[in-house]
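Overview (structure and organization)
Residue-level listing of the chains:
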Amino acid sequence: MNFELKALSLTGAAAAKCDLLVLLVPESFEAVQDPLSSLVDVALGHGDWSKAAGKQLPLYKADGVAARRVLLLGAGSGSVRDVRMALSGAASALKADGVKHAVVCLSALVDSASIMHVAVQCIADAGYAYTLTKPQAKLAAIAKVSIGVIDKRANSTLFEQAVAITAGQSLAKEWGNRPANHATPTMLAQAAKELVKHDNIQCKVHSAKDVAKLGMGAFLAVAQGSREPLQFIELSYTGATNTQAPVVLVGKGITFDTGGISLKPAAGMDEMKFDMCGAASVLGVFRALAQLQPAINVVGLIPACENMPDGAAIKPGDVVTSMSGQTIEILNTDAEGRLVLCDVLTYAERFKPAALVDIATLTGACVIALGGVRSGMYANTEALAQSLLSAGEKTQDLCWRMPLDDDYAEGLKSNFADMGNVAGRAGGSITAAKFLQRFVGNQAWAHLDIAGTAWREGAAKGATGRPVPLLVQFLLDESAQAATKKPKKTAKPAAKSLKGSGLQAKAPIKAPQVEE
Ligand code: BES
Ligand code: MN
Ligand code: ZN
């Protein structure tokens, strides 16, 4: 879908040529002298419609309006929540046959970053359809959406960011939705490699042999029960000088989680194809970075493999040695996410990251704790926690900070290894975070448990592409902060201004390579 930002007064909106005009009308709307205001007045006067959030009045060939179809859409208080509710309810109007170009007019709302993000996200959502293994699924005709605001210049950066974020989010959604036999570790690696066609992105995929040489005993242990070869994907985006410490993102890429020998129950097991949504969100972030080219360095690390029961699979009680040297007693083979992540967190140390953030569909317990509204967020530094919270608020991709008290680690004690991979049932999302924390030392680190937010159950079953918006916003905020901290003279020009000059930093961020 193509997005465009347009300066539109109400008079301008009435004159805009398109197949569908969606006009958001908050309670605060004051009618002036223009065709749209008259329509609103008449409809309200007859009691045919109200400005309550989500109320719709579809009109056809209305007087004085250039668009064939008009949708008056109540926006209630004009809050982010009301706008989201209204626009998600308007999806079927946007998807209707004959609607190729729609104008969504936000001009009657008060400008805010969250409103823009929510609007662009809802519209992109309406335009997305999963077709890979369902080719007859009906694709909406809509190809272009113009977003109308009063002040185009004031909104243009925000708009570009929101559009790039949805491009990344759609990529994450698509990979999340693909069944495990259409999204194997090898296919995920291929998707990562395809991102190098964009400026400033590199990709290296490490094989099982490389991973063995690195001593990643925990990651290898999970993969050993599968016929699909593991892939360790390493992406980098170089938007700043390579002396600037990168933000390292680590995404859990279990392309299918059966539980292994600690087999999961049959009911709902299909949903474990979503167990690579952390990895998919990293791919999505890189897609957005490719489009925005911010002045920041980012490394994306994805341990990708299946968790299968097999003659060669790990057994409960097996003890493995992680890359950090710490030994782990695998008491439950279904707690595999933390096993693949812990080795990659150790690997991340070599980048001396400015911040290390892992993203994982890690625990059912997090779904119980926070449901599908907010992702669980753990952080060992205050500043990082605040940055993630605020990035979530801005993009309305919310998270909630969870505790990391050492007392929560009690249950990880083992008689046969440095630690077990599970504690009791209580506080399961927290004990998983405490396990991961043992592999990050004193680095600034955060962990996002997205088990509840990465996909929806029920009739709307499917990946959400979260937390791509939160992560991209976090990176944009970090790059803006780095720019203000540095004296102007030494700051490298933003990558964007070098575009096409052949001067882009193509060298990968320095990291010791695996010896062959
Ligand atoms: N991928 C699951 C987490 C999960 C479960 C996400 C349900 C979404 C819905 C993870 O690998 C897992 O199986 N975790 C176990 C941990 C337990 C064995 C300590 C869980 O949450 O049950
Ligand atoms: Mn599991
Ligand atoms: Zn899992």
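Here is a short report on the structure shown in this document. (Residues numbered from 1 in each chain as written. Chains lettered and ligands numbered in written order. Predicted model: local features only at pLDDT ≥ 70, side-chain atom pairs only at ≥ 80, totals over all residues. Heavy atoms only, no water.)

The next thing to look at is the coordination of the zinc ion (ligand 3). Note on the zinc ion (ligand 3): its protein donors are Lys252 (NZ), Asp257 (OD), Asp275 (OD) and Glu336 (OE). The metal-donor distances range over 2.0 to 2.4 Å. One can describe the site at the zinc ion (ligand 3) as octahedral: its six donor atoms subtend angles covering 78 to 174° at the metal. All donor residues of the zinc ion (ligand 3) come from one chain, and their arrangement in sequence is K-x4-D-x17-D-x60-E. A distance of 3.2 Å spans the gap from the zinc ion (ligand 3) to the manganese ion (ligand 2), which Asp257 bridges by coordinating each metal. Of the two residues, Lys252 sits in the loop between β9 (247-251) and β10 (253-257) while Asp275 sits in the loop between β10 and α10 (277-292), which places them 23 residues apart along the sequence. Assessed through its relative accessible area of 2%, Lys252 is described here as buried. (Donors = N, O, S within 2.8 Å, 3.2 Å for Na, K, Ca; no water. Tetrahedral: all angles 85-135°; square planar, octahedral: opposite > 155°, others 65-115°. Helix = DSSP H or I, 4+ residues; strand = E, 2+ residues; numbered from the N terminus. Buried < 20%, exposed > 50% of the residue type's maximum accessible area, 1.4 Å probe, protein only.)

For helix α7 (residues 185-194), the set of buried residues is Pro185, Leu188, Ala189, Ala191 and Ala192. For α7, the angular spread of the buried residues around the axis is 155°, confining them to a single face. In the core, the buried residues of α7 are packed alongside α6 (152-177), β7 (201-206), β8 (231-238), β10, α10 and β11 (297-307). (Arc of directions from axis to C-beta. Contact = heavy atoms within 4.5 Å.)

Let's shift gears to the coordination of the manganese ion (ligand 2). Protein coordination of the manganese ion (ligand 2) is provided by Asp257 (OD), Asp334 (O), Asp334 (OD) and Glu336 (OE), with donor distances spanning 2.1 to 2.2 Å. For the manganese ion (ligand 2), the six donor atoms in the first shell make angles of 70 to 168° at the metal, so the coordination geometry reads as irregular. All donors to the manganese ion (ligand 2) come from one chain, and their sequence spacing reads D-x76-D-x1-E. Relative accessible area serves as the criterion here: at 3%, Asp257 is assigned to the buried category.

This part covers the sheet that holds strand β5 (residues 101-105). The six strands are arranged β1-β6-β5-β2-β4-β3 in an open sheet whose pairing can be described as mixed. Bordering the open sheet on either side are β1 (2-7) and β3 (56-60), each of which pairs with just one other strand. Along the sheet, successive strands turn relative to each other by an average axial angle of 20°, direction set aside. With four bridges joining them, strand β2 (residues 20-25) and β5 adopt parallel strand pairing. Bridge pairing links Val22 to Val104 in β5. Across the sheet, α6 lies against β1 and β6 (144-149), angled at about 170° from β1, the strand it touches most. (Pairing = 2+ DSSP bridges. Axes fitted to C-alpha atoms, helices over the stretch in contact; angles between N-to-C directions.)

Another aspect to go through is the pattern of salt bridges. By the definition in use, this model includes 18 salt bridges. Notably, a salt bridge pairs Asp19 with Arg68, separated by 3.1 Å at the nearest N-O pair. Of this pair, Asp19 sits in the loop between α1 (10-15) and β2 while Arg68 sits in the loop between β3 and β4 (69-74), and the two are 49 residues apart along the sequence. Residue classification places Asp19 among the buried positions, given a relative accessible area of 14%. Among the salt bridges present, the one from Asp257 reaches Lys264, with a minimum N-O distance of 3.9 Å. The class of Lys264 is partly exposed, set by a relative accessible area of 21%. Three or more residues are tied together by salt bridges with common partners; here these are Lys252, Asp275 and Glu336. (Salt bridge = Lys/Arg side-chain N within 4 Å of Asp/Glu carboxyl O.)

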